Structures are given as structure tokens and as C-alpha cells.
Amino acid sequence: MKNLILTVVVLIIAMTSKSQWTSLTPLSSGEWLTDLYFVDNNTGFAIGENGKIIKTTNGGLTWVSQNSGTSNGLASVFFTDATHGYAVGGASTLTKTADGGNTWTVTSFTSPFNLVDVFFPSSNTGYFVETHSQIIKTVDGGTNWAYKNSGSGLGAIASIHFPTDNIGYTVGGLGNIYKTIDGGTNLTTLTSGTTEDLKSCFFIDAQTGWASGKNGTIIKTIDGGATWVSLSSGTTVTLNSIFFATASNGWAVGENGVIVNTMDGGTSWTIQNSGTTESLSEAYFTNSNNGYAVGTNGTILKMSIAPAELPNDLVMTDDQIVLYPNPTQGIYNLSSKKPFTNISVYSMLGEQILSIESKSNKMKIDLTNKAKGQYIVKAILQDKSVQTKLIEIQ
């Protein structure tokens, strides 16, 4: 009997997936963890008190201690690729690795002040800042460093972010924000609209950025810092770190385990359940579905997305499959009354990028490693074929 191939309507359900934060077990002996950096979804580093550096290669399930070469507290860490990384901290400490953290070498750098933040906009060009408002720059991957500004008259700097090699921003005490367009040689004072101490800044590009700080302060610019708008974070605790995975999806973390999330670029914020009351120092996201936060007492948290559940009263006919959520950041769920036999995913050019054999009526498609855009899913259940377009937004 000839197989009957039918094109049927796929029921698309627009649903919001839930973010879940879980506590990981670090190898930190309870030290305060101050910063972290992930080079991919699974490989990351956390740093903290007493020169602590720990590494995971399995998404935080286990951690291995590394010899940082120093017992000074470390404040900031940054990797330009999977092998080259830098960490800075107290007593002008600068330590770096060229082999993925297997060995760290302390670089001689004379300064009477603590180094508080490090950022590399490209593999060779990097910056770090002192608490006394000095910006120090390298253009050869950290072999040589040079002061770029006098620091005269500037308030304390807490965070630095360079969306390009030469355009950068710093934030700090009393709402101070400074901008450079020449790689740190000259700094321009920006009007932030707040006198609250700012702890962190993040720019998605040279024009659009956010800063967070005391008393739940979050401010945003869309014109390269010329103007800043105050946003309502929904909390009054100090927000120590702010991070955006996309122009829409962002998080800020702070005291008492507070985590707030926005999905609209900061217009509205929702408090998420972190499961801890420890102070959170820093957050890092590899994408909108995968994020981490660290804090006091060796705290390490991981965020993952729990798939949205189908409504209990949903009735499906034989010729329907349910695909949800759509759009999303790459994880899709399919469900049908009858078992699937095959799920295939094609690009809009017709190239097959995924094929899964199945005997279940519930399937999950993971496209998080694919470029954002539209794809076609072909779901075969028994002798029926179903197609629909998917939109992946990262």
C-alpha cells in the first residue's frame, strides 16, 4: 500500500521557558569567589581569595584547583581563547596562562594599588584598571603593559568594558562613568544621572550598554554614553555584576543571592530564585540558556532552561504535532499522540543538519550550536510527514 504523505498544520504554542538556578559543588574550601569566565559551554574558570583558581571542563559538575603562582586575592579573570588567560588582583598581581590554565605565570608589574578588572577586546589588545583610576594597556598579548592615562581627578574605578579595541567605558564610585575612544589615552566624563556607586558595566556594542550598582541601580545607554536612563530593577540590594547574553536577555546579580533577569533589554526585570543568600560577585553567560554566578563561601550557581510544559487541557488530533517554545534560543520540544519515527532538521537552503531516529512521541531538538535564523523541521510519524519553520534567536 502506497504511503500517504500528508502536510498538516503544526500547532505552535508560544510559551515561556523557566530559568532554573542550581548550586554546584566547587573545589574552593569556602573561599570568596570573585569572578569567572567560560571559554565555551563546558570549560570555565573561577577565581577568588588567596590566589584561588579553579577550572571545570564539564559545565561545573567537577572542578580542579590550579596553581596561580600567587597567594594574593584575585579580582578579575579573562580569556582571549581556550588557552590564553589573564587574572589580576591585590598588590598589583597579574598572572597569565598560555596552556588553558595548566600553568600560570606571575608577571612583574610594579604598582602600589590593587588591580580590579581586566578586559581584552581582541587577542592582543587588553586593558586592566587599578582602584586608583589608572588604565593600563597591552597591544602584544600581555608581554608589555603601559599606563594610558594619568588618573588625576578620577574617582575609584570598579569595572571596565571595551566593545572595540579603542572604544571603552569605566564605571565606579559616586556614579562616575568615563569613556575613551583612543584606547585609554584620553577619558571623557559622562553624565550617568546617578550618584550611587557603580559596580559593573556591560556593552553589547559600542553604543548600547548597561551599568549596575548600589541600591539596585541599573542604568542603560543606547547612544554611546551620551545619555543614560535609569531602569527599575525590582530590588534595592547592591548589584555587583551585570551581563547580557543578547541585546534583550540580561542578568544582574548581587547581595543576598539576588538575581534579576530581563528579556526586553532592561525595560522590565524579574527576580529569579537563586536558592542562596550568599552575596554573588559575578555572572557569566555562554548563551541565553547557559549561565553561571559565583560569590561568597565558594558559591557557584548554574542556570539552565527548564522546558515549558504543555497545558493539561490540550487536545491533539492524530494529524497534529506540538512544537514549543517557538521562537527560543535553540532548545525545541516536539510532542505527538503517535510515536515519531524520524525527526530531521534542514537549513533554508535544503541542507540536512540533524537527523534523529525515534520510537517516542516526545522529542527534544538541540540547535544551540547552530547560527540564528530559520530552519525546517520534518517530523515523520508512522506514515505522515509534517513540516514547519523554526526561528532560533540567540
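Values in this document were obtained by computation on a predicted structure and should not be read as measured data.

Q: Explain the overall build of the protein to me, please; I cannot follow it from the model alone.
A: In terms of helices and strands, the protein carries zero helices and 36 strands. Expressed as a percentage of the 394 residues in the protein, the buried residues total 52%. A fraction of 45% describes how many contacts in the protein between residues 6 or more apart in sequence connect residues 24 or more apart. Summing over all exposed atoms, the protein offers an accessible surface of approximately 17,200 Å²; the carbon and sulfur share of this is 50%.

Q: What should I look at first to understand the nonpolar core in this one?
A: Among soluble globular proteins, nonpolar side chains are generally buried collectively. Ranked by internal contacts, the top residues of the largest apolar core, which has 62 residues, are Trp-21, Phe-128, Ile-218 and Ile-242. Sequence-distant contacts of Phe-128, defined by excluding residues within four places in its chain, comprise Val-88, Leu-94, Phe-109, Leu-115, Asp-117, Val-118, Gln-134, Ile-135, Ile-136 and Trp-145. Ranked by size, the runner-up nonpolar core spans 14 residues in total, among them Ile-321, Leu-323, Tyr-332 and Val-377.

Q: How should I be thinking about the sheet that holds strand E14 (residues 146-147) in this particular structure?
A: Backbone hydrogen bonds are what pair the strands of a sheet, in a parallel or an antiparallel way. Spatially, E11-E12-E13-E14 is the arrangement adopted by the four strands of the open sheet, whose pairing is antiparallel. Both outer strands of the open sheet, strand E11 (115-119) and E14, are each paired with one neighbouring strand and no more. Sheet topology note: the strand E13 (residues 135-138)/E14 ladder contains two bridges and is antiparallel. Paired with Ile-136 across the strands is Tyr-147, a residue of E14.

Q: Please explain the pairing of strand E27 (residues 280-287) as it appears in this structure.
A: Working note: regular strand, side chains alternate between the two faces of the sheet. In terms of residue burial, E27 counts as a mostly covered element, since six of its eight residues are buried. In this structure, E27 lies alongside strand E28 (residues 290-295), joined through six bridges in antiparallel fashion. Bridged to Tyr-284 within E28 is Tyr-292.

Q: Is there a simple way to explain the side chain of Thr-93 in this structure?
A: Inspection of the secondary structure assignment puts Thr-93 in strand E9 (residues 93-97). Within polar-contact distance, the side chain of Thr-93 engages the side chain of Asn-72 at 2.9 Å. One polar contact links the side chain of Thr-93 to the main-chain carbonyl oxygen of Gly-90, over a distance of 2.6 Å. Dropping the residues within four chain positions of it, Thr-93 is found in contact with Thr-70, Asn-72, Leu-74, Ala-87, Val-88 and Leu-115.

Scoring rules and cut-offs
Each chain carries its own residue numbering, running from 1 in the direction its sequence is written. Local features are withheld for residues below a pLDDT of 70 in this predicted model, meaning they are given only at 70 or higher, and side-chain atom pairs are given and counted only at 80 or more; totals for whole chains, interfaces and linings count all residues. Based on all heavy atoms of the structure, the side-chain values leave hydrogens and waters out of the count. Counting from the N terminus, the helices are DSSP H or I runs at least four residues long and the strands are E runs at least two residues long. Throughout, exposure labels follow a simple rule: accessible area from a 1.4 Å probe, protein chains only, divided by the maximum for the residue type, with under 20% read as buried, over 50% as exposed, and the rest as partly exposed. Throughout, a contact is declared for two residues whenever any of their heavy atoms are within 4.5 Å. Each accessible area is a Shrake-Rupley estimate made with a 1.4 Å probe; only the visible protein chains count as cover when residues are assessed. Side-chain atoms within 4.5 Å are what join buried Ala, Val, Leu, Ile, Met, Phe, Trp, Tyr and Cys residues into a set we call a nonpolar core. Strand pairing is assigned whenever DSSP detects at least two bridges linking the two strands. By the criterion applied in these results, polar contacts are pairs of N or O atoms within 3.5 Å in which, for protein atoms, one can donate a hydrogen and the other can accept it, and in which residues neighboring in sequence qualify only through two side-chain atoms.

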